[in-house]
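Listed here are the chains, written in short residue letters.
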Amino acid sequence: MQESAAGTTDAPDEVAEKSRADAHPDQAFGSDPLAVRESDHYAEEYNEGFVDKWDELIDWKGRYESEGSFFVDLLRKHGVESVLDAATGTGFHSVRMLEAGFDTTSVDGAAEMLAKAFENGKEYGDYVLKVVHSDWRWLSKDVQGKYDAIVCLGNSFTHLFDENDRRKALAEFYAVLKHDGILIIDQRNYDSILDDGFSSKHTYYYCGDQVSAEPEYVDDGLARFRYEFPDGSLYHLNMFPLRKNYLRRLLREVGFQKVDTYGDFQEAYGNDNAPDFFVHVATKE
Ligand code: SAM
């Protein structure tokens, strides 16, 4: 039996059948959505319809309040001037960093996301985003120069399903950082979901309260999240359930010297099950 997000114990076949029936036709999950475990699939998942919905999902105002100045303070503490937002999405952090005065470059592998981010930059502060369409695995081919910091936020890194892809992406991040650069990368607390099941407490901290976001199916190789919007539309994202210590280990193995991990923005976060999100700060020196 597979423990589904809501703590039910539907058989995998039933979950698969429901997932197939519910899948949005534009997201190209095919006849077996639970078998889609590919690092390249993200661009199809973030299609125009879902991208338009994403800002409803992430609720800029609520997110601004719950994150506060956490990332800006971290960047300032490390003397950062130039930042590469590797997973720009619709631009929330790019705009936040431009507002705080950082020289910001906005990267994403999904063209639809970058188009929306560019629009949002104009709307929220009249910023002209410097956008670069690039996949992390080939980042150094597409971006110029080196950066003081890279941020990869919003549980984005879990779109990579293959360990080689994860190593390649981290090595590319390492390569485009200056010799004393830092990488800030976050992730959902998948350990807690894998080991203890999903509880309704674990909603995305950055979701608006109008949108429900829950894992519909989880096993060691897949966390399939379901996003339901007030107008009845339904989208999915297939992600890899990254364990916290595994990601910390990979960061060390690609060359980062030190990795500090925060739980829900706190340095002292109690036991590992408590936080919804972890933020890793990896330094080259
Ligand atoms: N950081 C934004 C936020 O927090 O709202 C967006 C998060 S969204 C969950 C993940 C983003 O990562 C998407 O915009 C997606 O296109 C991008 N992404 C996923 N895999 C990628 C890859 N291999 N290369 C570049 N971008 C990727």
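In this convention, every chain numbers its residues from 1, walking through the sequence in written order. Owing to the predicted nature of the model, reporting of local features is limited to residues with pLDDT of at least 70; listing and counting of side-chain atom pairs is limited to 80 or more, with chain, interface and lining totals taken over all residues. For side-chain calculations, the full set of non-hydrogen atoms in the structure is used, while hydrogens and water are omitted.

Undergrad: Could you give me a rundown of the site of the ligand, with the residues and numbers involved?
TA: Close to the ligand lie 20 residues, the nearest being Tyr46, Arg63, Ala87, Asp108 and Leu153. Any pair of N or O atoms that falls within 3.5 Å is considered a polar contact. Within protein, one atom must be able to donate a hydrogen and the other to accept it, and sequence-neighbouring residues count only if both atoms are side-chain atoms. One of the backbone nitrogen or oxygen atoms of alanine 87 is found 2.5 Å away from a nitrogen atom of the ligand. A cavity here means a set of 1 Å grid points, computed over protein atoms only, where a 1.4 Å probe fits but cannot escape. A pocket is an open set with protein on both sides within 12 Å along at least 5 of 7 lines, and lining residues have an atom within 4 Å of a point. The way we define it, a molecule is inside a pocket or cavity when more than half of its atoms are within 2 Å of that pocket's grid points. A molecule is said to occupy a pocket when more than half its atoms come within 2 Å of that pocket's grid points, and by this definition the ligand occupies the largest cavity. Across the shell around the ligand, the residue classes tally to 10 nonpolar, 7 polar and 3 charged. Proximity is defined per residue: if any heavy atom of the residue lies within 4 Å of a molecule or strand, that residue is considered near it. Polar here means any residue other than Ala, Val, Leu, Ile, Met, Phe, Trp, Tyr, Cys and Pro, which are nonpolar, and Asp, Glu, Lys and Arg, which are charged; Gly is therefore polar.

Undergrad: Residues and numbers for the packing of aromatic side chains, please.
TA: Each Phe, Tyr or Trp ring (for Trp, its six-membered ring) is paired with any other whose centre lies within 6.5 Å, and the angle between the two planes then decides the class: stacked below 30 degrees, edge-to-face above 60, tilted in between. All told, the structure shown has 20 aromatic pairs when counted by the stated rule. Relative to tyrosine 262, the ring of phenylalanine 70 lies with its centre 5.3 Å away and its plane at 80 degrees, an arrangement referred to as edge-to-face. Here the residue phenylalanine 70 occupies a position in helix 5 (residues 70–77), and tyrosine 262 occupies one in strand 9 (residues 258–263), the gap between them amounting to 192 residues. Overall, the relative accessible area of 13% leaves phenylalanine 70 in the buried class. For tyrosine 262, a relative accessible area of 7% puts it in the buried group. Following the ring pairs from residue to residue traces out a cluster consisting of Tyr46, Phe50, Trp54, Phe225, Tyr227, Phe229 and Tyr235. Cation placement over rings: the criterion is NZ of Lys or CZ of Arg within 6 Å of the ring centroid and within 35° of the ring normal. For the cation-ring pair, arginine 224 lies above phenylalanine 29, with the distance from its terminal atom to the ring centre recorded as 4.3 Å. The side chain of lysine 284 reaches across the aromatic face of tyrosine 174, ending 4.1 Å from its centre. Secondary structure elements follow DSSP: runs of H or I of four or more residues count as helices, runs of E of two or more count as strands, with numbering from the N terminus. The buried label goes to any residue with under 20% of its type's maximum accessible area, the exposed label to any with over 50%, and the partly exposed label to all in between, with areas taken from a 1.4 Å probe on protein chains only.

Undergrad: Would you mind going over the packing of helix 9 (residues 163–176) against helix 11 (residues 244–253) in detail, with residue names and values included?
TA: Where helix 9 contacts helix 11, the axes come no closer than 10 Å and their chain directions differ by 50 degrees. Here helix 9 lies oblique to helix 11, going by the angle between them. The hand of the helix 9/helix 11 crossing is right-handed. For the pair helix 9 and helix 11, contact is made by Glu163, Arg166, Arg167 and Leu170 and by Tyr246, Leu247, Arg249, Leu250, Leu251 and Glu253, respectively. Note on geometry: axes are C-alpha line fits, over the in-contact stretch for helices, and angles between N-to-C directions span 0 to 180 degrees. With respect to orientation, any angle under 35 degrees is reported as roughly parallel, any angle over 145 as roughly antiparallel, any angle of 65 to 115 as roughly perpendicular, and every other angle as oblique. Crossing handedness: left-handed means the near helix sits turned counterclockwise from the far one by under a right angle, and right-handed means the same turn made clockwise. In this description, contact between two residues means that some pair of their heavy atoms is separated by no more than 4.5 Å.

Undergrad: Can you lay out the confidence of the model for the chain for me, pointing to particular residues and giving the numbers?
TA: Looking at the chain as a whole, the pLDDT averages 89, with 92% of positions reaching at least 70. In the model output, the complex is listed with pTM 0.92 alongside ipTM 0.99. As a per-residue measure, pLDDT tells how confident the predictor is, with possible values from 0 to 100.

Undergrad: Tell me about the sheet that holds strand 8 (residues 234–239), residues and numbers included.
TA: In spatial order, the strands read 6-7-8; together these 3 strands make up an open sheet with antiparallel pairing. On the outer flanks of this sheet lie strand 6 (212–219) and strand 8, each paired with one strand and no other. Between one strand axis and the next, the sheet turns through 20 degrees on average, direction left out of account. In this sheet, strand 8 lies alongside strand 7 (residues 222–228) in antiparallel orientation, the contact comprising 6 bridges. By the bridge assignment, alanine 223 is partnered in strand 8 with methionine 239. The sheet contacts of helix 3 (residues 48–58) involve strand 6, strand 7 and strand 8, and relative to strand 8 the element is tilted by about 90 degrees. For two strands to pair, DSSP has to find at least two bridges joining them.

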